[in-house]
Amino acid sequence: MRILGIEGTAWAASAAVFETDDPDALSTETYRTPDPSADHVFIESNPYQPESGGIHPREAAEHMGNAIPEVVDTALAHAADRHDGDGPIVDGVAFSRGPGLGPCLRIVGTAARAVAQTLGVPLLGVNHMVAHLEIGRYQSGFESPVCLNASGANAHLLGYHNGRYRVLGETMDTGVGNSIDKFTRHVGWTHPGGPKVEQAAKDGSYVDLPYVVKGMDFSFSGIMSAAKQEADAGTPVEDICVGLQETIFAMLTEVAERALSLTGTDELVLGGGVGQNARLREMLAEMCEQRGAKFHAPEPRFLRDNAGMIAVLGARMLNSGDALSVEESSVDPNFRPDQVAVTWRGADESVARAYTDDGAIRGAEATVDIGTDEVVKRRVPKTYRHPELDDRLRRERTKAEARLTSDARRAGVRTPIVRDVDPIEAVITFQKVGDADLAERLSPEAARTVGEYLAKLHRVGIVHGDPTTRNVRVESGTHGTSRVFLIDFGLGFHTDHVEDHAMDLHVFAQSVEGTADDAEPLLDALEAGYESIGSDEVITRLREVESRGRYR
Ligand SMILES: C[C@@H](O)[C@H](NC(=O)OP(=O)(O)OC[C@H]1O[C@@H](n2cnc3c(N)ncnc32)[C@H](O)[C@@H]1O)C(=O)O
Ligand SMILES: Nc1ncnc2c1ncn2[C@@H]1O[C@H](COP(=O)(O)OP(=O)(O)OP(=O)(O)O)[C@@H](O)[C@H]1O
Ligand SMILES: [Fe+2]
């Protein structure tokens, strides 16, 4: 099978030819690790380089108008060379349908339709974000990994469940590459800034910057303002670059680890242009090695925007009969990865794995030894993090967790009793509570209680910070009654901000959607529980958080 791919969502005008002698490796029925020697990928790209500032949509579209026909011609000439005579020179034309800049996407769509019609072959509309993560999954042969996409306009964690890619966590403001590029513009460097930050960081020393994760979500705006202020105050820019890399990439590594811990999977793949950064890859590889997980990052030509990843996913789509008619092939600048009906994967595959509790649990942050009536939680040093950052986080979180676990109980929420705290060693001894994590015992009744608990916390100005289905314990009593406990307050803090309260609900909802078969009744119960005690304003804000398009 031979597929032409076309990419042009923002800066890379790119065309590719993907050819495989092993089409079985594309299919879900004969699932197995692809044989890399059976594949051939040719990529021709022409990047748009803004003369000053960031990407200008109009200039980018002009670039696509000139460069797309050229790269497509080059790729088609290559396909013609490899063709042995019968039938059309490619079996299908795959193109980036979105997300991206509208004017650029329209040029890509027009080119793809023209080639597909001329050759009389199927048209394949690819979601660019799903392509960023499927390339790593295809190459690695991993069955059901957590996927971290670290690209320019986005940053998110995805896992496949029930026929779709679920967003397990994502940026609450700008994409990771765009955030870095904004800082480099501030200090007068040309676009793109990411590679320059990586280079400059080689000569700098670490400076502290704000570190913001909320469950598996995160945000970059605070750290970026702080970085700009440091630059204005005269801190050497190389030092800020070290601080930026250490902080941002530790955040991404932490949320990736939390997603592994939540889903129980032991496979991680990386995608997106920021994935070319060696320090990010090093942190992820180290984290995975330490928890016995497998990690795969594609080579740089498949990480940055490229048509190779579009062609490879197009081949899988064609293989599952997932072609588009010309009439329904319009582009979509806001195409979210969780909107894609995934036809090329088995309906019962899932990122969520059965959980084994063997007496010592490895969470995202800590190791937890489970005794008969006590548990000991140790925040062991994370060697992927800069030692200063690691010390700070372990100490702060241990103190916050001990204090908030007790504060929450006074607010009427069931939590384990704290028996001992050692903030220096970052160890807490708790009463053992519950007989399973909520992830194993999902029920609308328990979800309702979680809603009530969060409302009680918010009423006294406490945010949990990480209320996932693994941070709720359930104890079954006689006659079908059960008691519910909240644990793991390490990311908690005190605030009355509606946004932070809504984020607690959002984090819980995402953890349910990523792993439950029927999330709807659980989420309804969560909200009903919350509304019975908490403020409507928070639910209204939750709707807003959920609807935020993040492709800016
Ligand atoms: C929608 C689509 O157009 C968009 N594409 C995109 O953002 O291009 P991508 O190639 O995935 O990523 C580009 C970003 O990747 C950053 N980047 C490139 N090399 C880097 C490096 N060595 N270290 C850090 N960032 C790097 C650049 O600064 C830039 O912000 C996306 O995937 O979000
Ligand atoms: N007090 C407790 N009683 C019973 N089980 C507990 C208790 N505390 C923790 N556990 C078990 O240990 C697991 C990990 O604990 P915890 O969530 O506190 O660690 P973590 O490393 O912070 O995890 P993450 O950051 O991934 O949520 C829990 O999911 C739960 O199964
Ligand atoms: Fe991209």
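Residues numbered from 1 in each chain as written. Chains lettered and ligands numbered in written order. Predicted model: local features only at pLDDT ≥ 70, side-chain atom pairs only at ≥ 80, totals over all residues. Heavy atoms only, no water.

Topic: the pattern of salt bridges
Put simply, the rule is: Any carboxyl oxygen of Asp or Glu that lies within 4 Å of a side-chain nitrogen of Lys or Arg is treated as forming a salt bridge with it. The secondary structure listing takes helices from DSSP runs of H or I that are at least 4 residues long and strands from runs of E that are at least 2 residues long, numbered from the N terminus. Residue burial is assigned from relative accessible area. The probe radius is 1.4 Å, only protein chains are included, and a residue is buried under 20% of its type maximum, exposed over 50%, and partly exposed in between.
Here the structure, examined in full by the defined rule, presents 43 salt bridges. As a salt-bridge pair, Glu257 and Lys382 come within 3.2 Å of each other at their nearest N and O atoms. Of this pair, Glu257 sits in helix H7 (residues 237-263) while Lys382 sits in the loop between strand S15 (374-378) and helix H11 (387-410); the two residues are 125 residues apart in sequence, bridging distant segments of the chain. We classify Lys382 as buried; its relative accessible area is 6%. Its salt-bridge partner being Asp488, residue Lys377 comes within 2.8 Å of it at the nearest N-O pair.

Some points on the coordination of the iron ion (ligand 3)
How we decide: Distances decide who is a donor: an N, O or S atom must be within 2.8 Å of the metal, or within 3.2 Å for Na, K and Ca. Water is not included, so sites may look incomplete.
Protein-derived coordination of the iron ion (ligand 3) comes from His128 (NE2), His132 (NE2) and Asp305 (OD), at a distance range of 2.0 to 2.2 Å. By relative accessible area, His132 is classed as buried at 0%.

Notes on the side chain of Arg345
Inclusion rule: Counted as a polar contact is a pair of N or O atoms within 3.5 Å, where, for protein atoms, one must be capable of donating a hydrogen and the other of accepting one, and residues adjacent in sequence contribute only when both atoms are in side chains.
Assignment of secondary structure puts Arg345 in the loop between helix H10 (307-319) and strand S13 (360-362). A distance of 3.2 Å separates polar atoms of two side chains, one belonging to Arg345 and the other to Ser144.

Section: the UniProt feature "active site" (unreviewed entry) in the protein chain
Note the threshold: UniProt positions are given in the numbering used here, feature names are shortened, and annotations may be inferred rather than shown by experiment. Contact definition: two residues touch when any of their heavy atoms are within 4.5 Å.
Summarizing the sequence annotation, UniProt attributes the feature "active site" (unreviewed entry) to Asp466 in the numbering used throughout. Of note, Asp466 is situated in the loop between strand S19 (462-463) and strand S20 (472-476). Classification of Asp466 by relative accessible area gives buried; the value is 2%. Here Asp466 is in contact with Gly215, Arg258, Asn471, Asp488, Leu491, Asp504 and Val507, once residues within four sequence places are set aside.

Focus: the pairing of S15
Stated precisely, the cut-off is as follows: Any two strands are treated as partners once DSSP identifies two or more bridges connecting them.
The pairing of strand S14 (residues 367-370) with S15 spans four bridges and is antiparallel. The partner of Val368 across the bridge, within S15, is Lys377.

Quick notes on the pairing of strand S7 (residues 155-161)
Of all seven residues in S7, seven are buried, a share of seventy percent or more. Every second residue of S7 is oriented toward a common face, with Ala155, Leu157, Gly159 and His161 on one face and His156, Leu158 and Tyr160 on the other, all of them buried. As paired elements, strand S6 (residues 146-150) and S7 share five bridges and run antiparallel to each other. For Ala150, the partnering residue across the bridge sits in S7 and is Ala155. Following S6, the chain reverses through four residues before pairing antiparallel with S7. Relative to strand S8 (residues 164-170), S7 runs antiparallel, the two sharing six bridges. When the bridges of S8 are listed, His161 appears paired with Arg164. Counted between consecutive antiparallel strands, the loop separating S7 from S8 contains two residues, among which Asn162 sits at a positive phi close to 55°.

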